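Structural description and commentary
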Amino acid sequence: MTACNGKVAIVAGGGGIGGATAHRLAASGVAVVIGDRDGAHAEAVASTIVAQGGRAFGQACDISDEADVNALVDAAVSRYGGLDMMHVNAADLQVIFQDSNAVDLDLEVFDRTLAVNLRGHLLCTRAAIPRMLERGGGAIVYTSSSAAFIGEAERPCYAMAKAGIHALMRHVASRWGKAGIRANVVAPGLVLTENNLKTMPEEFKVLALKNTRSTRIGKPEDIAAMACLLLSEDGTWINGQVVSVDGGATMR
Ligand SMILES: NC(=O)c1ccc[n+]([C@@H]2O[C@H](COP(=O)([O-])OP(=O)(O)OC[C@H]3O[C@@H](n4cnc5c(N)ncnc54)[C@H](O)[C@@H]3O)[C@@H](O)[C@H]2O)c1
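In this report, the structure presented in the accompanying data block is examined. Model, not experiment: these values are computed from the prediction.

The rules behind these values
Per chain, residues are indexed from 1 in the order of the written sequence. Residue-level local features of this predicted model are given only where pLDDT is at least 70; pairs of side-chain atoms are given and counted only at 80 or more, and the full residue set underlies all totals for whole chains, interfaces and linings. Between N-to-C directions, angles cover 0 to 180 degrees, with each direction set by a line fitted to C-alpha atoms, over the stretch in contact for helices. Strands here are runs of E lasting at least two residues and helices are runs of H or I lasting at least four, both read from the DSSP assignment and numbered beginning at the N terminus. Throughout, the term roughly parallel applies to angles under 35 degrees, roughly antiparallel to angles over 145, roughly perpendicular to angles from 65 to 115, and oblique to all others. Definitions for this section: a left-handed crossing has its near helix turned counterclockwise from the far helix by less than a right angle. A right-handed crossing has that turn clockwise. Each residue gets a C-beta atom placed from its backbone, and two residues are in contact if those atoms lie within 7 Å. What makes a residue near a molecule or strand is its C-beta atom, placed from the backbone, lying within 6 Å of it. Gly is put with the polar residues, along with every residue not named as nonpolar or charged; the nonpolar set is Ala, Val, Leu, Ile, Met, Phe, Trp, Tyr, Cys and Pro, and the charged set is Asp, Glu, Lys and Arg. Multiplying 1.5 Å by the residue count of a helix minus one yields the expected span of that helix. In this scheme the burial state of a residue depends on its C-beta neighbours within 10 Å: 20 or more other such atoms mean buried, 12 or fewer mean exposed, and anything in between means partly exposed; the C-beta positions come from the backbone. We treat two strands as partners when DSSP finds at least two bridges between them. Seen with its strands pointing away from the viewer, a crossover is right-handed when the path leading from the first strand over the helix to the second is clockwise.

1. Let's talk about the packing of helix H4 (residues 107-134) against helix H6 (residues 156-176)
Packing of H4 against H6 leaves a shortest axis separation of 9 Å and a crossing angle of 15°. Classed by the angle they form, the pair H4 and H6 counts as roughly parallel. Along this stretch, H4 crosses H6, giving a crossing that reads as right-handed. Residues Val109, Phe110, Thr113, Leu114, Asn117, Leu118, His121, Leu122, Thr125 and Ile129 of H4 form the contact with H6, whose participating residues are Cys157, Tyr158, Ala161, Lys162, Gly164, Ile165, Leu168, Val172 and Trp176.

Take a look at the structure:
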């Protein structure tokens, strides 16, 4: 990633993948604001960045809450003077355990999944774009998932929300590309994070590795590397794309 000194980014959802993106952005000179439903976690990620010499702060933000999202963007602008980049990365990864199948699932599971994983991404988009336009452009990267295209027998709401992000991203790229705003999606395969390592059965990891065309399962840094490329000047000519980062598990 080329140096981005003076740029300002928000990472919405600062867990495994978002935390890695925040660190990588900060290491290339970007001032980073981490928003997470878990405010203490967002602050902890920011503190580590600051301890390493970077510029960052964390703030509690539930991306399904419009006031929270607007406050996060306002805080970035008031602290660092504007907004150039956003990694819209949060997803509700608890409700996913009840996301069984289209016949059996409780519709509240659908509503909650869509509220965070899709509507929340729209809220972030709506709050960020006017601020990016004030700077003459910007870049947004959304995190979806290979679940959007592989047709799994379970978690249909998660897959529907992730597929919806692709449509949102393409709309943003088309509507504001000429105004200097780029939008892209990174679609991870299985990535081992602190959180999913706690709950994931060993056989799931074995199966995931078998499905890749790679020697290992993904790390948060693999996804962060692509997100940062797409956000940075290196990605200037990339717009409206869904990029799979999954060790070759999917070939589209
Ligand atoms: N880890 C994987 O294998 C994998 C694979 C494909 C896609 N993804 C996607 O990557 C993204 C990041 O996931 P991760 O694996 O780093 O998970 P993670 O659990 O490490 O991080 C997710 C973060 O989002 C936060 N969050 C949850 N709900 C939120 C809300 N309503 N508002 C704000 N923050 C909220 C959590 O507190 C957490 O810090 C998600 O969109 C996920 O769907 C992950």
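Anyway, onward from the coordinates.
2. Quick notes on the site of the ligand
Surrounding the ligand, one finds 29 residues, the nearest of these being Gly15, Gly16, Ile17, Ala90 and Ala91. If you list the elements that add at least two residues to the shell around the ligand, you get helix H1 (16-27), H4 and helix H7 (194-199). The element contributing the most residues to the shell around the ligand is H1, with three residues. Within the shell around the ligand, the residues separate by chemical class into ten nonpolar, 14 polar and five charged.

3. A look at the packing of helix H3 (residues 66-80) against H4
At a minimum axis distance of 9 Å, the contact between H3 and H4 shows a crossing angle of 30°. The angle between the axes of H3 and H4 places the two elements in the roughly parallel class. Helix-helix and strand crossings are classified by hand; for H3 and H4 the assignment is right-handed. Here H3 contributes Glu66, Val69, Asn70, Val73 and Val77 to the contact with H4, which in turn contributes Leu123, Cys124, Ala127, Ala128 and Arg131.

4. Describing unusual backbone geometry
Look at Arg155: it is not a glycine, yet its phi comes out positive at around 50°. As for its placement among the helices and strands, Arg155 is situated in the loop between helix H5 (147-150) and H6.

5. Overview of H6
If you check H6, its first and last C-alpha atoms are 30 Å apart, about what 21 residues at 1.5 Å a residue would give, namely 30 Å. Among all positions in H6, only Pro156, Cys157, Tyr158, Ala159, Ala161, Lys162, Ile165, Leu168, Met169, Val172 and Trp176 are buried. Buried positions along H6 lie against H4, strand E5 (138-143), H5 and strand E6 (181-188).

6. Concerning the sheet that holds strand E3 (residues 56-60)
In spatial order, the strands read E3-E2-E1-E4-E5-E6-E7; together these seven strands make up an open sheet with parallel pairing. Strand pairing shows two members of the sheet lacking a second neighbour, E3 and strand E7 (242-245), which therefore form its edges. Across the sheet, the axes of successive neighbouring strands diverge by a mean angle of 20°, strand direction being ignored. Two strands pair when backbone bridges link them, and E5 and E6 are joined in this way by six bridges, in the parallel orientation. Residue pairing for E6: Ile140 is matched across the bridge by Ala183. Here H6 sits on the sheet and contacts E5, E6 and E7; the angle it forms with E6, its principal contact strand, is near 160°.

7. Describing the pairing of E5
In terms of residue burial, E5 counts as a mostly covered element, since six of its six residues are buried. In this sheet, E5 lies alongside strand E4 (residues 85-88) in parallel orientation, the contact comprising four bridges. Looking at E5, one finds that Met85 is bridged to Ala139. At this point the chain moves from E4, through H4, to the parallel E5, and the crossover so formed is right-handed.

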